[in-house]
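The lines below spell out each chain.
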Amino acid sequence: MTEAAAEPGRAHRPGAGRTERAAAVARRIPRLPTPVWDSLLPALLLLNAATTPAPREPVLTVALTAALALPLLWRRRAPLAVFGAVVAAALVQWLLDIQLPADIAVLVALYTLAAHSARRTTLAAGALVEAGVLLACLRWAPDGAFLTPFVAVTAMTAAAAVLGMNVRTTRAYLAAVEERAAHLEREQEQQARLAVAEERARITREMHDIVTHNLSVMVALADAAGYARQRSPDRADAAMRQISETGRQALTDMRRSLGVLRADEPDAERHPLPGIAQLDALAEQMSAAGLPTGLEVEGDHDHLPATAQLTVYRLVQEALTNALKHTPAGTRATVRIRCSAGTVTVDVADTGPRPATSASAPSSSGHGIPGMRERAAAYGGTLRAGPLPGGGWGVRTRLLLDSAGAVSA
């Protein structure tokens, strides 16, 4: 398919193909090096002075032409010095009353100065050149025809200065655009690094919750199975089956958290992300492990985002796991979830006393309660965990579903 066919709108523009071909040819033409380009005008002016018969003093004419033209070779490196040298040569020319075509060098020097200097310097240089234009027209303009050459040369002077300032402005704009692009690139790299760090923290929290919870449950079930093996083989078999199911669930959760599980695998549909609906199974699992758990859910939770439901599930899971690890036998736990249009309140309490070191143990590990605080903070919530006035331990937080700071759980 041709380019015109691929872009139908361009086929209706007359001459579009010729313009593009001309632009392509122009891009293929090699550009002259800067020193060669800068030497063209001085060479032409010197050639003109050497080959054109001078009305008087040919040697002086060539010398003045060289004084005007040769400094242009360094105009990009020292624009102010070159401008001063050219203006000085033009003044000497005016004093000697010799008219030369090389006076165009003054305009070239003014243009270069305007392209590389501040506006105040350009205005001063333009005023100086305009004074020279006035002196030149007063001396060399034909009788009765002062205004026409004065206006013409003044217009050329203004054009040279304006073109130079436009080039300087364009160059500054392009430099600012490049700097901004570089800044945006650095900012994107920084955001990418922050995203990677955030993803690592998320995976760390997920792996901590999955491993800690499931291993705690499996250890409790294994102890119960060993204790009941002689007295009640049926209960021991049930505990072993629960251990197997818990291990499989842990493997599934780990694969999903690490991003290894593909969406087209059957496990992705058989084991969706845990949420409030799975808290019943979690309560049953904790009861089987030796922590009788009651669950109360108030309000409709079907409208809650999946990430918010996952956060609620992980908060409850971590709180119950801590209760299972740090409370004696006979402890009971209660989970209360209250859902509204914009908030979800999570309240987990148990009846068992905690050892004195249990409150600080999760903090020392760097996950536990600090991880729960991070999850709650992602939805604008503040987590409170500590002893209850009537005994036992409680964890409470309220998630703001419309919080602008909500991030992935």
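Scroll up a little and you will see the structure.
All values reported here derive from a predicted model rather than from experimental measurement. (Residues numbered from 1 in each chain as written. Predicted model: local features only at pLDDT ≥ 70, side-chain atom pairs only at ≥ 80, totals over all residues. Heavy atoms only, no water.)

K.L.:
Any chance you could break down the nonpolar core for me, citing the residues and the numbers?
P.N.:
Within the largest apolar cluster, 37 residues are counted, with the highest numbers of intra-cluster contacts made by Leu 279, Val 312, Val 316, Leu 320, Ile 337 and Val 344. When residues of this core are traced back to their parent elements, those giving at least two are helix 8 (147–228), helix 11 (279–288), helix 12 (306–326), strand 2 (333–339), strand 3 (343–350), helix 14 (368–377) and strand 5 (393–400). Broken down by element, the residue count for this core peaks at nine residues, all from helix 12. Not counting the four nearest positions on each side in its chain, Leu 320 is found in contact with Leu 282, Met 286, Leu 291, Thr 293, Ala 333, Val 335 and Val 348. Grouped together as the second largest cluster of nonpolar side chains are 28 residues, Leu 68, Ala 69, Ala 89 and Ile 98 included. (Core = buried A, V, L, I, M, F, W, Y, C linked by side-chain atoms within 4.5 Å. Buried < 20%, exposed > 50% of the residue type's maximum accessible area, 1.4 Å probe, protein only. Helix = DSSP H or I, 4+ residues; strand = E, 2+ residues; numbered from the N terminus. Contact = heavy atoms within 4.5 Å.)

K.L.:
Just give me the short version of the pairing of strand 2, but keep the residues and values in it.
P.N.:
On strand 2, burial follows the alternation: Ala 333, Val 335, Ile 337 and Cys 339 on one face are buried, whereas Thr 334, Arg 336 and Arg 338 on the facing-out side are not. Direction of pairing for strand 1 (residues 293–298) relative to strand 2: parallel, over a ladder of six bridges. Pairing of Glu 296 across the sheet is with Arg 336, part of strand 2. You can see the chain leave strand 1, run along helix 12 and come back into strand 2, and the turn it takes is left-handed. Hairpin connection, strand 2 to strand 3: the antiparallel pair is bridged by three residues. (Pairing = 2+ DSSP bridges. Right-handed = clockwise from strand over helix to strand, strands pointing away.)

K.L.:
Help me get a handle on helix 6 (residues 104–116), residues and values and all.
P.N.:
Between its first and last C-alpha, helix 6 extends 19 Å over 13 residues, near the 18 Å set by a 1.5 Å rise per residue. Burial of helix 6 is extensive: ten of the 13 residues sit out of reach of the surface. For helix 6, the full list of buried residues reads Ala 105, Val 106, Leu 107, Val 108, Ala 109, Leu 110, Thr 112, Leu 113, Ala 114 and Ala 115. (Expected span 1.5 Å × (residues − 1).)

K.L.:
Tell me about the packing of aromatic side chains, residues and numbers included.
P.N.:
The tally for this structure, following the rule as stated, stands at one aromatic pair. The interplanar angle of 15° and the centroid separation of 5.4 Å between the aromatic rings of Phe 146 and Phe 150 together place this pair among those described as stacked. A cation over a ring is seen here: Arg 139 above Trp 94, with NZ or CZ 4.1 Å from the ring centre. (Phe/Tyr/Trp six-rings, centres within 6.5 Å; stacked < 30°, edge-to-face > 60°. Lys NZ or Arg CZ within 6 Å of the ring centre and 35° of its normal.)

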